[in-house]
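# Summary of the model geometry
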Amino acid sequence: MIAVEKLGVILSPTDKPFEKNGVLNPGIFQEGEQVHIFYRAVEDGNFSTIGYAKSNGPSDIIERLDRPFITREFDYEKHGVEDPRIVKIDGIYYMTYTAYDGINAMGALAVSKDLKHFEKKGIITPPINYKEYKYHLEHCNQEKLNPKYYHYYNLFAQIGLVEEKHRLLRDKDIVLFPRKINEKFVMLHRIWPGIQIVQFEKWEDLTKEFWENYLKDLSSHIILDPLYNFEVNYLGAGCPPIETEDGWLMIYHGVCETNIGKTYHAAAALLDINNPKKVIARLPYPIFSPEAEWELNGVVNHVVFPTGTALFDDDLYIYYGAADKHIAVAKLSLKQLLDELKKHPSQ
């Protein structure tokens, strides 16, 4: 097992209206000793914006804005700008986030050259309704496709909503690798219940036709599906992958249903450095799970939701949403985690 030290809550809701109901799921960008924290801030009615704070070292908060850093501007995000992740590639900062319009939760993109002014580029995940989704899924290799991929189609069909053309495929947990691989952007995303990977040369490639062809071969793009008990319901990408000598370290979340409801765990896998579609290793147990009061009780109970990391020497700090109310941080040894992963090679 891996020694994990939970350092506790570093950011909580305040009395400011934009973040009074929750501060959670931060995108993290490290510059030397400083850590930029772009977090989801929740106001009354479950409307979300992105807040900003900065720490000196892993957890010493030295700056925090008293207003939203990124607001809701467009119809596709009129209910929420949620769960940002951020990387820097070739001098450009890329922030991916979940855009929620009250019905649809889809992946969106904003870019910046200075980490201060972000330009929104719109939706980047499949603009496809569930009837179209089912049609494309039926072209997949059904022997390789988890039947759960039909879950939302079946659910909406049962309640009479599948004909709604404006109800689009849910695609969340959009996470970019921090550099191009073989001259392509590489992105993780989550079409329920697993984690998929997509590679493309330029953002303009992500057209409806591109995604239609992708979905027709979805089974070949799935890198992780639910496997172990702690993630048996579903899972999703968490932090931007970390490049190591052993491969890409991927921190993700896994969800299981228990007699007290859903429980979210932090988990880890290792991907091939040149071909990240290939899973080298995967831990058969969580890195850490909800145990502390701030993880067990909040807006949504029993949740640890990792979304960003910072590395100080061998100390890997994992930032996570705790019970959908706070931001907390856990510390572990990067070397120890990699050594443990290598004991569990993928079959």
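Residues numbered from 1 in each chain as written. Predicted model: local features only at pLDDT ≥ 70, side-chain atom pairs only at ≥ 80, totals over all residues. Heavy atoms only, no water.

### What to know about the environment of Glu19
Quick note on the threshold: Runs of E in the DSSP output that reach at least two residues are strands. Runs of H or I that reach at least four are helices, and both are numbered from the N terminus. To sort residues, take the accessible area from a 1.4 Å probe on protein chains only and compare it with the maximum for the residue type: under 20% means buried, over 50% means exposed, and anything in between is partly exposed. The criterion used for residue contact is that any of the two residues' heavy atoms lie within 4.5 Å. Any pair of N or O atoms that falls within 3.5 Å is considered a polar contact. Within protein, one atom must be able to donate a hydrogen and the other to accept it, and sequence-neighbouring residues count only if both atoms are side-chain atoms.
Tracing the sequence through the fold places Glu19 in the loop between β1 (4-11) and β2 (22-31). Residue class for Glu19 comes out buried when judged on its relative accessible area of 1%. Sequence-wise, Glu19 and Asn275 are 256 residues apart; in three dimensions their C-alpha atoms are separated by 40 Å. Leaving out residues up to four positions away in the same chain, Glu19 has contacts with Pro13, Thr14, Tyr39, Ala41, Val42 and Arg64. At 2.6 Å, the side chain of Glu19 and the side chain of Tyr39 are in polar contact. In terms of polar contacts, Glu19 uses its side chain to reach the side chain of Arg64, at 3.3 Å.

### Concerning the layout of surface pockets
The condition that has to hold: Of the two site types, the cavity is a set of points on a 1 Å grid over the protein atoms alone where a 1.4 Å probe fits but cannot get out, and the pocket is an open set with protein on both sides within 12 Å along at least five of seven lines, each lined by residues with an atom within 4 Å of a point. Grid points are joined across faces, edges and corners, and a volume is the space filled by probe spheres set on the points.
Looking at the largest pocket, its volume works out to about 770 Å³. Contributing to the lining of the largest pocket are 28 residues, with Arg40, Glu82, Lys172, Tyr264 and Asp324 lying nearest its centre. Approximately 370 Å³ is the volume attributed to the second largest pocket. Lining the second largest pocket we find 18 residues, and of these Gln30, Pro178, Pro241, Ile242 and Thr309 sit closest to its centre. Those elements that provide at least two residues to the lining of the second largest pocket are β2, β6 (80-89), β15 (242-244) and β19 (304-312). Residue contributions to the lining of the second largest pocket peak at 4 residues, all from β19.

### Let's talk about the sheet that holds strand β11 (residues 185-190)
Rules: By definition, two strands form a pair when at least two bridges between them are found by DSSP. Only the contacting stretch of a helix is used when fitting its axis, a line to C-alpha atoms as for every element, and angles between N-to-C directions run 0 to 180 degrees.
Reading across from one edge, β10-β11-β12-β13 is the order of the 4 strands in this open sheet, with antiparallel pairing throughout. The open sheet has two edge strands, β10 (172-176) and β13 (222-224), and neither has a second partner. Taking each pair of neighbouring strands and ignoring which way they run, the sheet shows an average axis angle of 30°. Alignment of β10 against β11, held across 3 bridges, turns out to be antiparallel. The partner of Lys172 across the bridge, within β11, is Arg190.

### Focus on empty space enclosed by the protein
Where we set the bar: Put simply, Ala, Val, Leu, Ile, Met, Phe, Trp, Tyr, Cys and Pro go in the nonpolar bin, Asp, Glu, Lys and Arg in the charged bin, and everything else, Gly too, in the polar bin.
Applying the stated criterion across every chain yields a total of 1 cavity of 30 Å³ or more. The space that makes up the largest cavity amounts to roughly 50 Å³. Taken together, the residues that form the lining of the largest cavity break down as 7 nonpolar, no polar and 2 charged.

### Quick word on the environment of Ser59
For Ser59, the location among the structural elements is in the loop between β4 (47-56) and β5 (60-64). Separated by 159 residues in the primary sequence, Ser59 and Leu218 have C-alpha atoms spaced 40 Å apart. With sequence-adjacent residues up to four places away left out, Ser59 is seen in contact with Ile10 and Val329.

### Concerning the pairing of strand β14 (residues 234-237)
What you see with β14 is no split at all: Tyr234 and Gly236 on one side and Leu235 and Ala237 on the other are buried throughout. Relative to strand β16 (residues 247-258), β14 runs antiparallel, the two sharing 4 bridges. Counted as the bridge partner of Ala237 is Tyr252 from β16.

### Section: the sheet that holds strand β20 (residues 315-322)
On the basis of which strands lie adjacent, the open sheet formed by 4 strands has the order β1-β21-β20-β19 and antiparallel pairing. Both outer strands of the open sheet, β1 and β19, are each paired with one neighbouring strand and no more. Each strand axis lies, on average, 25° off the axis of its neighbour in the sheet, ignoring direction. Here β19 pairs with β20 via 8 bridges, running antiparallel. Bridge pairing links Val304 to Ala322 in β20.

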